[in-house]
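An overview of the molecular structure
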Amino acid sequence: HSTGLIGGAIVLAIATAVPVPAHVLSTITTSPNHEISSSPNRLSDFLVDIVPPAYSGRMAAHLRNPGSIEALAGSVATIRPPRGAGAAQVRVNGVLLPVSPDGSAQIGLVESGYLSVTGAGIQHLVPLSVTPDRVPDVRIVVPGKDLRVPSGAASIPIAAEAADDLALQSLELRYTVVSGTGEQFSFTEGTLPVSLSRSSERSWRADATLSLRALKLEPGDALIYRAVAADRRPGGAGTAASDTYFVEVAGPGDVPLEGVEMPPEKERYALSQAMIVLKIERL
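Attention in this report is confined to the structure presented alongside it. (Residues numbered from 1 in each chain as written. Predicted model: local features only at pLDDT ≥ 70, side-chain atom pairs only at ≥ 80, totals over all residues. Heavy atoms only, no water.)

**Description of the overall build of the chain**
When helices and strands are tallied, the chain shows three helices and 19 strands. A total of 283 residues make up the chain; the buried ones form 35% of that total. Restricting the contact set of the chain to residue pairs at least 6 apart, pairs at least 24 apart contribute 64%. As displayed, the chain has an accessible area near 16400 Å², and 57% of this comes from carbon and sulfur atoms. (Helix = DSSP H or I, 4+ residues; strand = E, 2+ residues; numbered from the N terminus. Buried < 20%, exposed > 50% of the residue type's maximum accessible area, 1.4 Å probe, protein only. Contact = heavy atoms within 4.5 Å. Areas by Shrake-Rupley, 256 points an atom, 1.4 Å probe, with all protein chains shown as cover.)

Below you can see the structure in the form of structure tokens.
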């Protein structure tokens, strides 16, 4: 028993005396979005911190002497020139950045280009790739065409899909009911109740039933609908809409063909012109 205890103590002593290689520590503490170095900063190092916009949910990146920089548009970069470079100059895409008393410079990243850091005995030129946050891709997948129905009693299934490069915030189906003839049009807007299914934060589907009876459409009336999706950006910059589709209730003298595409170009042209007039009035 005493021999085993002595052997275990020797193994423990050796294990604590042997240092873990620096590259092992670095591997343990490094993730794809967050670079951490186990060794202390040198006077010749220049450092760049990239903080993505809060809505993106991405982690900050801490870079030492980067050979290139990739960032999401809207990220904030803090550049720290080498401490031994004296009064270093920092430029992004040719624009000289003001340097704070602690020696760092900061800028919001908008477009790709380059970062340069120059000073006493040092010169760094680093490619800068800024990826824009794309607006969602929105599509009406059911029925995906203009329709003419025989009466205002019809119910039409509608399905929309949206996808985003980061994450979606909302997906809805909006409609405008167009009533009247000639130049006497009236417009009523609203949003259809939908059932949302989310396969991921980036991919959503909305299903709804368009009840013309509930919306009180009469012969000759039309309904214009579209899907609207937004990502998590604040404001309206991350909003996108699908193609717009029509549903028309057959009027007197029209051929009531259920479920076919609405053929009369004159009627579609009149509706389009009426929508333009409405938008101009609002502006």
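**A closer look at the pairing of strand 17 (residues 222–231)**
With nine of ten residues buried, strand 17 lies mostly within the body of the structure. Direction of pairing for strand 17 relative to strand 19 (residues 245–249): antiparallel, over a ladder of four bridges. Within the sheet, the bridge partner assigned to Ile 224 lies in strand 19 and is Phe 246. Two elements, strand 17 and strand 18 (residues 239–241), share three bridges in a ladder whose sense is antiparallel. Paired with Ala 229 across the two strands is Ala 240, which belongs to strand 18. (Pairing = 2+ DSSP bridges.)

**Notes on the sheet that holds strand 1 (residues 47–51)**
Within the open sheet, the four strands sit side by side as 2-1-4-7. Their pairing is antiparallel. Two strands in the sheet have a free side with no partner beyond their single neighbour: strand 2 (61–64) and strand 7 (105–108). Going from strand to strand, the sheet's axes swing by 15° on average, the running direction of each strand aside. Of the pairings in the sheet, the one linking strand 4 (residues 76–80) to strand 7 comprises four bridges and is antiparallel in character. Opposite Val 76, over in strand 7, you have Gly 108 as the bridge partner. (Axes fitted to C-alpha atoms, helices over the stretch in contact; angles between N-to-C directions.)

**Observations regarding the packing of aromatic side chains**
Per the stated rule, a full pass over the model turns up one aromatic pair. Ring centres of Tyr 225 and Tyr 245 lie 6.1 Å apart, and the angle between their planes is 35°; this geometry places the pair in the tilted category. A residue pair is termed long-range when its members are at least 10 positions apart, and Tyr 225 in strand 17 and Tyr 245 in strand 19 qualify at 20 residues. Residue Tyr 225 shares its accessibility class with Tyr 245, and that shared class is buried. (Phe/Tyr/Trp six-rings, centres within 6.5 Å; stacked < 30°, edge-to-face > 60°.)

**Section: empty space enclosed by the protein**
Going through the model one piece at a time under the given rule, you end up with one cavity of 30 Å³ or more. As a volume, the largest cavity reaches approximately 50 Å³. The wall of the largest cavity is formed by Val 48, Ile 50, Ile 69, Ala 77, Ile 79, Val 92, Ile 107, Leu 109, Leu 115 and Leu 128. Elements with a contribution of two residues or more to the lining of the largest cavity: strand 1 and strand 4. Grouping the amino acids of the lining of the largest cavity by side-chain chemistry returns ten nonpolar, no polar and no charged. (1 Å grid on protein atoms, 1.4 Å probe; cavity = no way out; pocket = protein on both sides within 12 Å on 5 of 7 lines; lining within 4 Å. Points joined across faces, edges and corners; volume = space filled by probe spheres on them. Nonpolar A, V, L, I, M, F, W, Y, C, P; charged D, E, K, R; others polar.)

**Considering the pattern of salt bridges**
Tallied over the entire structure, the rule returns ten salt bridges. Here Arg 148 makes a salt bridge to Glu 248, at a shortest N to O gap of 3.1 Å. Taken as a pair, Arg 148 in strand 11 (residues 147–149) and Glu 248 in strand 19 lie far apart in primary sequence, 100 residues in all. Linking Arg 233 and Asp 231 is a salt bridge whose minimum nitrogen-to-oxygen distance equals 2.8 Å. The same class applies to Arg 233 as to Asp 231, namely buried. Overlapping salt bridges bring together Arg 139, Glu 161, Arg 205 and Asp 207 as one network. (Salt bridge = Lys/Arg side-chain N within 4 Å of Asp/Glu carboxyl O.)

**Structural notes on the nonpolar core**
The biggest cluster of nonpolar side chains holds 29 residues, and the ones touching the most others in it are Ile 140, Ile 158, Leu 171, Leu 173, Leu 210, Leu 212 and Tyr 225. Those elements giving two or more residues to this core turn out to be strand 10 (137–142), strand 11, strand 12 (155–163), strand 13 (168–181), strand 16 (203–211), strand 17 and strand 19. It is strand 13 that contributes the most residues to this core, five residues altogether. In contact with Leu 171, other than residues within four places in its own chain, are Val 138, Ala 160, Ala 162, Val 194, Leu 196, Trp 204, Arg 205, Ala 206, Ala 227, Val 228 and Ala 229. Counting residues in hydrophobic clusters, the runner-up holds 20 residues, among them Leu 63, Ile 79, Leu 97 and Leu 115. (Core = buried A, V, L, I, M, F, W, Y, C linked by side-chain atoms within 4.5 Å.)

**Section: the sheet that holds strand 16**
Taken in spatial order, the four strands make up an open sheet running 10-12-16-15, and their pairing is antiparallel. Sheet topology places strand 10 and strand 15 (195–200) at the edges, where each strand pairs with a single neighbour. Recorded for the sheet is a direction-independent mean angle of 20° between the axes of neighbouring strands. Across five bridges, strand 15 lies against strand 16 in antiparallel orientation. From the neighbouring strand, Ser 200 faces strand 16, where its bridge partner is Ser 203.

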